[in-house]
Amino acid sequence: MARCEDPEQGPLTAAGSGVFAADDEVGRDLALVDWRATPLGPPEEWPQSLQTAVSILLSSRFSMWMAWGPELTFFCNAAYRRDTLGRKYPWALGRPASEVWAEIWDDIGPRIDTVLATGKATWDEALLLFLERAGYPEETYHTFSYSPLRDDSGTVVGMLCVVSEETERVIGERRMATLRDLGSDPSVVRTEQEMLAFACRQLGRNLRDLPFTLTYLYQDGGGARLAGVTGISAGHPAAPLTLPADDRDAVWPAAALARGESVVVPLDPVPDDRAPFAGLPAGDWPEPPTQALVVPLLQQGSAPYGFLVAALNRYRALDEAYRGFVELAAGHVAAGVASARSYQAQQRRAEELAELDRAKTVFFSNISHEFRTPLTLIMGPVEELRGRLQGADAQVREELEVIRRNGLRLGKLVNTLLDFSRIEAGRMQASYEPVDLAEVTAELASLFRSAIDKAGLAFRVDCPPMDEPVYIDRGMWEKVVLNLLSNALKFTFEGSIGVTVRGEDDHAVVTVTDTGIGVPADEVPRLFERFHRIENARSRSNEGSGIGLALVQELVGLHGGTITADSTEGEGTRFTIRLPYGSAHLPAEAITAAGTGAGATAADPYVEEALRWLPADDGGEPAGDTMGMSSREGSAARSGGSAAPARVLVADDNADMREYLVRLLKGAGYQVSTVGDGMEALDAVRADAPDLVVSDVMMPRLDGLSLVAALRSDPRTAAVPVVLLSARAGQEASIEGLQAGADDYLVKPFTAAELLARVRANMDMARLRQHQARWRTALVDSLQEAFFVCDERGAVVEINSAFTDILGYGPENLPYTPIHPWWPDAATDPEAHRQVADAFGGLLGPGQGSYTIPVTHRDGHRMWVSVTFNHAQDPDTGRRVVVGTLRDVTAEHYAIQRESALASLSTSLSQAGSLSDALTGALRELQSLWRARSVLAAVFDQGDEPTVTATGEPVDWHGLPEERRRTLTDLLQRPLLTPVAGDDGVGIMLEHPEGQLALWVDLGGHRPFTGEDQVLLSLLAGRLAQGLVRAHQIDQQRETAIALQRAILGPAQLPEGFAVRYEPATRPLEVGGDWYDTVALPGGRIGIVVGDCVGRGVEAAAVMGQLRSACRALLLQDDSPARVLMALDQFAAGVPGAKCTTVFCAVLDPETGRLSYSSAGHPPGILAHPDGSTGLLDGGRSVPLAVRPGATRPESETVIPARATLMLYTDGLVERRRRPLYSGIDQASQAVQDGRNVAVDDLATQVMIRLAPADGYDDDVALLLYRHPAPLEMTFPAESSQLAPVRKALRGWLGQCDLPTQIVQNILVAAGEACANAIEHGHRHTPGDIVRLRAEASVDNLRLTVADSGRWKSPEPEANAHRGRGVALMRAMMQQVTITPGPYGTTVDMQMRIA
Amino acid sequence: MTTPLTLTPGVRPDGVALLTAAGEIDMSNTDTLAAALESTPGPVVIDLTSVEYLDSAGLSVLFAHADRITLIANPLLTPVLTISGLADLATVHEGGPDVR
């Protein structure tokens, strides 16, 4: 800034001597010193060298003091007085330095002695000194250099200290480090105790700001307990383990803190040594603290968790910054407690859910397996007894009937529960085939007709044929319809029951209606809940588990359909099922062709149960006719252990013979099927073994003997009895037949009686033979573990029902040859395929073993099984076989996977640099875990609409389909952390730091989301909520850290004409090592530094702080940028991490625009000329700092033309990946050039915005702009005598602007008139008030402002004729003149185009 | 302190009174100029060639004597004299160094 008066014309007229003239105030006080009393004598007699030294000292704006003469008499300048001396001013002036700085003389005395003795300068960086300048010993830090002062003869007679006080920076960095460490907990969650231990370790590392701390937490029963200490031992009188509630004499004011107030507690050890504050630890200081700040650990919206006692550094005042630091530290502890407590609560909840799920699953699988075997062993003998006791008395038969009916009922219930168990485990074996839904439904309904008729109800079945097929699993659909009809009948006493099937646009609609008792409105939503029964409802029976409708809903869901219920109490109920057409919504591997899934119905238990609700009209004869069974005659054809007729397969190529045999056998009550040759016979037996085969010997393709051989060679068919028929007579033929393994041999012609006798005898024999085998089968089937037998080639030849339950593959397709269909696909999952192949290899080798391997269920879902096997020999064939069992360990496997998923999510969360990063990363984890189509999160924050984050393409709230938005909004009504399954995915609510978060996992298509998955989702959601809170804290902590860094960066006051910016890297948001600096140098010159330390983070910031201080000091000693950088090379070589720092160092003469500079590997400065051209300051280049210490550095010089703009920057501004550096520099040059007419501070903002990459700067950026000349700013007293000096200064400044003389003259006239106005009008009554003048030039515009603080009188024309002329002159000379009068002054603003 | 201004009275070869001014004229020293003019009766030529600055206060003094003065002015001052209208009332001759 230009000064408004020449040095010799300054206002100071110091008494006696001009030596103190350079500074007004300090000079006056120096002049008042009685110098005669000092060894220096009166100033008039001082040697020239001393006068010069004092003059330099006083004119410097940088903080300095000096000592001269035998007593080292003390002098200082205004900056030193302001920054360091404090209350010692002006007492210190003229006193011996050892007296002034008695308290630190031990530290600095030896340094000064060294300077005086050797003549060499000293250098100290951030030295701790205890100054007593504010009435107490104060912890202060100073970076300073002592250099020798010589008298006229060249002898060292004193020293000059250039000092920069760094107390704020050092203490700020120390506190920042503590806060950063508090926030740097690497683990996502931990217990309260662990969290406190961690926090205490961090607090305990800063024993300077926190000599000791105590953390108290309030207890449930009142009072508080000590939860953590640093710097003091628990149990010290000042650190009692508990603080009782309501104790007025307690050591710490727990009651006030419970109200959330902070309290300063004096730590006074008086009156006696037994007081709690005697013998306090002192932390890192020589003396114990004298006061403590006690702050509450605040809890949002509730009473505080506890409080933190922070003993205070007695060497620092408790100012805003100190108080803020303690409060921030307490905030960290409070946040940690909050986090640990909420995690604990969520953990507990998730564990409860998991436990419930486990218990449920265990219950279902237990009852299903444990009931089934005994039920089979009850029902078999009961059927047998019924057959045998046909002739017994009515009571016996009735009682048997009761046993049978209840057995059927129990079987039905167990099967239903088993269905649930399968659905839950995702193992329901479905086989969807296209059917005419109307026809199938009508058939099923007809089974109930007799029961409904018997109940006296009308039954309306309205099922016209449909145009489009619907895919159903017949078994499941049967259960749906029968359950609904059974339900209707149970609750309907008069009126009707109806079934309709209709087609709509893209789905079929099936309704089952009744005119029964209906359901109260509030119960309707719970109708489909498992085990939910409506209390006190009138019904035909009190039996029922409340599980039927729940099963119906699950089954309809498996079909991709929906079921709804409408009911009016007292009027009736309507169930509506909607099933989509087509098969796109069903798993492709479960689709089969039409007709393949047809099988026997399981209607009897439903219908018989229903019939028993109705009033008995006979002996309970079951509605056998409805079961479609054959005649009850021919009991001979019924086998001993079963109610079903025995089945005989007839194989003969002669149709006449076939018909005859069929007639004969049917007549005897057998169920007969026929085939035309041996091959067909073999296929038929393998698919469904009959009780007996009657086969001709002579047949095409495969004859009877070969058929017998084939049947006997296969263990599954070896036991089927075969009776051979042959036209060949003779002993030989029959022996051949029997040798082949036939059970009997009949020679044609044979009598009917003979055939039937042989058939009957062989069947009985076979049954006897098979008794053992059936027991074996029953035993194997009752095994809970899947059982299988492999032949020597590895083909699976036998399995039990548990095998089918687990893997979905039934006995109908045996044998299963390798590669087995349950092997994972080699193409899509090679790793899993390899694991199974390895296990299979072991299975075929010798010995026994066990493996846990992944397999694919028939419906396509992945399972994990544990296989155990051993080798055995088939006693019949003597062949080597492998017998094995396998167990479903999917749940265990997923439990492990769950742990990994939690760990993986935790890792993702802990690596996130911000709240949004954390959420985005977590969504990706969830997506990959469930291989979901997408995962999206809507945060219902305070905004107009929820904030949406999604995997894949970014989307906003309005970009979501209406339906999805509704799903998400509906979730808000749900409890937290409870999964809610929908049609195509699952949702869950959780807490987000900015509101409620609705999360939706879109599973895409039809895929079961099992109970395991739900537990996992709620666990993960809990973990996510936790992680988000943490990420939110990180965001806040980093903001604090960056605010602190900004505070230690750059000069407090920028010289005129400069603008600077610092921007940290966007990701990861971190403090960095870039800096800018300006230093006021002697002679009005300005040192300019822009530098870039290697690396990021606090380490880089610390290096930056040291280099910046060193560079400042070096500039003050030497004004050559090259020499400064060479000295800085030496300094940097000794600072770890400073090597390779790049620096652009320049010295500017603001009067002339002359700029000398040197660059240590730094990008070139940019100079935008007023004519639109651009240049680079690429001279004076050499390597980065400390790379070649001691090497000479070059220096360049240039002159900044008037109205040109200089820009210095760090590489973060211009460096982009995959782009040459010069392209970035060109872009930056263009940005400066385009803004050459914009005010320099606005230009800085423009440049930062224009060069920012789309997702923010990825490195930190420091930017410094200077426009030459700097604006002129002057203040002067409102006296006409000031006009000439003001004009002179303005004329000089306009000269720097390089303007034509006439324009200069015009501006001078306009400015002169404005100043004259201000003097004459504004201050007529109070002469001497202050007038301000400011002039600023850009490339083509000059702006001039004159402001006073007085009021302009309203115009008085007669007295002001020439004043009016003055305003006219202003308007004529300048292009735009605005005069703004106001109550506190008048401002004249004038502008002129100058280009 | 007043703005430096020297006023040297003289007589031109044609007998007309001459007042040669050098320095700057602003409100702090117009009284001096006014006094000098008051003490010089009759037509007077004022040589402003060495005056680098003239403001409206100075113009007011000149206006008061417009009917009897002739001005010799530096081209730098021409805009001020023209705009104020003084050039219309009094005779103005150009002199002194050229405007660059």
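Keep in mind the model is a prediction, meaning the values are calculated, not measured.

1. Things to note about the interface of chain A and chain B
Here's step 1: The interface of chain A with chain B comprises 24 residues on the first partner and 25 residues on the second.
Here's step 2: Here chain A and chain B share an interface that buries about 2,000 Å² over both sides, 59% of which is from carbon and sulfur atoms.
Here's step 3: Linking chain A with chain B are three salt bridges.
Here's step 4: For the interface between chain A and chain B, the tally reads six residue pairs in polar contact (both at pLDDT 80 or more).
Here's step 5: Among the secondary structure elements, those contributing two or more residues to the side of chain A that touches chain B are helix H31 (1283-1296), helix H32 (1301-1322) and helix H33 (1361-1373) of chain A.
Here's step 6: By residue number, the principal contributor to the side of chain A that touches chain B is H32 of chain A, which donates eleven residues.
Here's step 7: Its residues assigned to classes, the side of chain A that touches chain B shows nine nonpolar, nine polar and six charged.

2. Here we look at the pattern of salt bridges
Here's step 1: Tallied over the entire structure, the rule returns 52 salt bridges over all chains.
Here's step 2: For Arg-81 of chain A, the salt bridge identified is with Glu-25 of chain A, shortest N-O distance 3.3 Å. Of the two residues, Arg-81 of chain A sits in helix H3 (residues 78-85) while Glu-25 of chain A sits in helix H1 (residues 25-32), which places them 56 residues apart along the sequence.
Here's step 3: Taking relative accessible area as the criterion, Arg-81 of chain A reaches 31% and is therefore assigned partly exposed.
Here's step 4: Exposure remark for Glu-25 of chain A: the relative accessible area of 44% places this residue in the partly exposed category.
Here's step 5: Between Arg-1287 of chain A and Glu-24 of chain B there is a salt bridge whose closest N-O contact spans 2.5 Å. Within this pair, whereas Arg-1287 of chain A is found in helix H31, its partner Glu-24 of chain B is found in strand S2 (residues 17-25), the two belonging to separate chains.
Here's step 6: For Arg-1287 of chain A, a relative accessible area of 4% corresponds to the buried category.
Here's step 7: Its relative accessible area of 10% is what places Glu-24 of chain B among the buried residues.
Here's step 8: Ionic contacts of the salt-bridge type, sharing partners, join the residues Arg-133, Glu-138, Glu-165, Glu-168 and Arg-316 of chain A into one network.

3. Thoughts on the sheet that holds strand S46 (residues 1330-1337) of chain A
In sheet architecture, strand pairing relies on hydrogen bonds along the backbone and comes in two forms, parallel and antiparallel.
Residue and element names in this part refer to chain A.
Here's step 1: Taken together, the five strands give an open sheet; going across it, the order is S45-S46-S47-S49-S48, and neighbouring strands pair in antiparallel fashion. The open sheet has two edge strands with one neighbour each: strand S45 (1272-1277) and strand S48 (1376-1382). Between one strand and the next, the sheet's axes are offset by a mean angle of 10 degrees, whatever the strand orientation.
Here's step 2: Inspection of the sheet shows S48 paired to strand S49 (residues 1385-1393) by seven bridges, in the antiparallel sense. Looking at S49, one finds that Pro-1381 is bridged to Thr-1386.
Here's step 3: Here H31 sits on the sheet in contact with S45, S46 and strand S47 (1341-1348), set at roughly 175 degrees to S45.

4. Brief notes about the environment of Gly-235 of chain A
All names here are of chain A.
Here's step 1: Looking at where Gly-235 falls in the secondary structure, it is placed in the loop between strand S7 (224-230) and strand S8 (242-243).
Here's step 2: A residue is classified by how much of its surface remains accessible, and Gly-235, at 48% relative accessible area, is partly exposed.
Here's step 3: If we ignore the near neighbours within four places in the chain, the residues touching Gly-235 are Leu-226 and Leu-241.

5. A closer look at the environment of Leu-755 of chain A
All names here are of chain A.
Here's step 1: Along the polypeptide, Leu-755 turns up in helix H20 (residues 752-782).
Here's step 2: Separated by 90 residues in sequence, Leu-755 and Leu-665 have C-alpha atoms that sit 9.0 Å apart.
Here's step 3: The residues contacting Leu-755, other than those within four sequence positions of it, are Leu-661, Leu-664, Leu-725, Leu-746 and Phe-750.

6. Quick look at the packing of aromatic side chains
Here's step 1: Counted by the stated rule, this structure contains 28 aromatic pairs over all chains.
Here's step 2: When the centroid spacing of 5.7 Å and the interplanar angle of 85 degrees are considered together, the rings of Trp-46 of chain A and Phe-75 of chain A count as edge-to-face. Of the two residues, Trp-46 of chain A sits in the loop between H1 and helix H2 (48-59) while Phe-75 of chain A sits in strand S2 (residues 73-76), which places them 29 residues apart along the sequence. An identical accessibility class is assigned to Trp-46 of chain A and Phe-75 of chain A; each is buried.
Here's step 3: Through a chain of ring-to-ring contacts, three or more aromatic side chains come together here, namely Trp-65, Phe-74, Tyr-80, Phe-144 and Tyr-146 of chain A.
Here's step 4: The ring of Tyr-322 of chain A carries Arg-175 of chain A above its face, with NZ or CZ at 4.3 Å from the centroid.
Here's step 5: Above the face of the Tyr-53 of chain B ring, Arg-1287 of chain A is positioned so that its terminal group lies 3.8 Å from the ring centre.

7. Observations regarding the nonpolar core
Soluble globular proteins: nonpolar side chains tend toward being buried together.
Here's step 1: Ranked by size, the top nonpolar core spans 72 residues in total, and within it Trp-65, Met-66, Phe-75, Trp-101, Leu-1107 and Leu-1128 of chain A carry the most contacts.
Here's step 2: At eight residues, the largest contribution of residues to this core is made by helix H27 (residues 1097-1117) of chain A.
Here's step 3: By size, the runner-up hydrophobic cluster in this structure holds 68 residues, among which are Leu-1272, Leu-1299 and Ala-1311 of chain A together with Ala-73 of chain B.

8. Focus: the pairing of strand S28 (residues 880-888) of chain A
Residue and element names in this part refer to chain A.
Here's step 1: Here five bridges tie strand S24 (residues 786-790) to S28, and the two strands are oriented antiparallel to one another. Within the sheet, the bridge partner assigned to Ala-786 lies in S28 and is Leu-886.
Here's step 2: Strand direction decides the pairing type here: strand S27 (residues 862-873) and S28, joined by nine bridges, are antiparallel. Among the inter-strand pairings, Gln-873 is bridged to a residue of S28, identified as Arg-880.

9. Quick look at a nonpolar patch on the surface
Residues and elements named next belong to chain A.
Here's step 1: Together, Phe-371, Leu-410 and Leu-413 give the surface a local cluster of nonpolar side chains, amounting to about 230 Å² of exposed area.
Here's step 2: Mapped onto the secondary structure, Phe-371 falls in helix H9 (residues 320-388).
Here's step 3: With relative accessibility at 38%, the residue Phe-371 sits in the partly exposed group.

10. Remarks on the confidence of the model for chain A
Close inspection of predicted coordinates is inappropriate in any region flagged by low pLDDT.
Residue and element names in this part refer to chain A.
Here's step 1: With 86% of its residues at a pLDDT of at least 70, chain A reaches an overall mean of 81.
Here's step 2: Counted against residues more than four places away or in other chains, residues 617-643, with its pLDDT under 50, gives 35 contacts.
Here's step 3: Long-range and interchain partners of residues 1355-1359, a stretch whose pLDDT sits below 50, account for one contact in this model, where long-range means more than four residues apart.

11. Topic: helix H14 (residues 548-558) of chain A
Here's step 1: When H14 of chain A is considered as a whole, its buried residues turn out to be Leu-549, Ala-550, Leu-551, Val-552, Leu-555, Val-556 and Leu-558 of chain A.
Here's step 2: One or two positions beyond H14 of chain A, positive phi appears at Gly-560 of chain A, with a value near 75 degrees.

12. Some details on the sheet that holds strand S31 (residues 980-981) of chain A
Residues and elements named next belong to chain A.
Here's step 1: Taken in spatial order, the five strands make up an open sheet running S30-S29-S33-S32-S31, and their pairing is antiparallel. Edge strands, defined here as strands with exactly one partner in the open sheet, are strand S30 (947-950) and S31.
Here's step 2: When strand S29 (residues 934-940) meets S30, the two strands line up antiparallel, connected through four bridges. Note that in S30 the partner of Leu-936 across the bridge is Ala-950.
Here's step 3: Across the sheet, helix H25 (residues 962-971) touches S29, S31, strand S32 (985-992) and strand S33 (995-1002), and the angle it forms with S33 is around 130 degrees.

13. Quick word on the pairing of strand S40 (residues 1174-1177) of chain A
Here's step 1: Burial of S40 of chain A is one-sided: the residues Gly-1175 and Leu-1177 of chain A facing one way are buried, the residues Thr-1174 and Leu-1176 of chain A facing the other way are not.
Here's step 2: In textbook terms, the turn of a hairpin is the stretch between consecutive antiparallel strands, and for strand S39 (residues 1165-1168) of chain A and S40 of chain A this stretch comprises five residues, one of which, Gly-1172 of chain A, has a positive phi near 95 degrees.

14. Examining the environment of Leu-207 of chain A
All names here are of chain A.
Here's step 1: Tracing the sequence through the fold places Leu-207 in the loop between helix H7 (192-204) and strand S6 (213-218).
Here's step 2: Since its relative accessible area comes to 22%, Leu-207 is described here as partly exposed.
Here's step 3: Each C-alpha atom of the pair Leu-207 and Gly-283 lies 4.9 Å from the other, and the pair is 76 residues apart in sequence.
Here's step 4: In contact with Leu-207, not counting residues within four places along its chain, are Gly-231, Gly-283, Asp-284 and Trp-285.

Procedures and definitions
- Numbering of residues starts from 1 in every chain and runs along the sequence as written.
- Chains and ligands are labelled by the order in which they are written, letters from A for the one and numbers from 1 for the other.
- Two thresholds apply to this predicted model, a pLDDT of at least 70 for residue-level local features and 80 or more for giving and counting side-chain atom pairs, whereas whole-chain, interface and lining totals are computed over all residues.
- Values shown for side chains rest on all heavy atoms present in the structure; no hydrogens or waters enter the calculation.
- Any two residues whose heavy atoms approach within 4.5 Å are treated as being in contact.
- Buried area counts how much accessible surface, traced with a 1.4 Å probe, disappears from two parts once they are put together, with both parts' losses summed.
- What makes a salt bridge here is a side-chain nitrogen of Lys or Arg within 4 Å of a carboxyl oxygen of Asp or Glu, nothing more.
- Under this definition, polar contacts are N or O atom pairs within 3.5 Å; protein pairs additionally need one hydrogen-donor-capable and one acceptor-capable atom, and for neighbouring residues in sequence, both atoms have to be side-chain atoms.
- Starting at the N terminus, helices and strands are each numbered in turn, a helix being any DSSP run of H or I of at least four residues and a strand any DSSP run of E of at least two.
- Side-chain classes are defined by residue name, with Ala, Val, Leu, Ile, Met, Phe, Trp, Tyr, Cys and Pro counting as nonpolar, Asp, Glu, Lys and Arg as charged, and the others, Gly among them, as polar.
- Type-normalised accessible area, obtained with a 1.4 Å probe on protein chains alone, sets the label of each residue: buried when under 20%, exposed when over 50%, and partly exposed for intermediate values.
- Strands are labelled as partners when DSSP assigns at least two bridges between them.
- Throughout, an axis means a line fitted to C-alpha atoms (over the contacting stretch in the case of helices), and angles, computed between N-to-C directions, take values from 0 to 180 degrees.
- Geometry of aromatic contacts follows a simple scheme: Phe, Tyr and Trp rings, the Trp one being its six-membered ring, pair when their centres are within 6.5 Å, and the pair is stacked under 30 degrees between planes, edge-to-face over 60, tilted otherwise.
- The criterion for a charge sitting over a ring is simple: Lys NZ or Arg CZ within 6 Å of the ring centre, and within 35 degrees of the ring normal.
- Within this scheme, the nonpolar core is defined by two criteria: the residues are buried Ala, Val, Leu, Ile, Met, Phe, Trp, Tyr or Cys, and they are joined through side-chain atoms within 4.5 Å.
- Only residues whose relative accessible area exceeds 30% and that take part in no salt bridge are eligible for patches, with like-charged residues grouped when within 9 Å of each other and nonpolar side chains (Val, Leu, Ile, Met, Phe, Trp, Tyr) grouped when within 5 Å.
- Accessible surface area values rest on a Shrake-Rupley calculation with a 1.4 Å probe, where residue burial reflects the displayed protein chains alone.
- Confidence of the predictor in every single residue is expressed as pLDDT, which spans 0 to 100.

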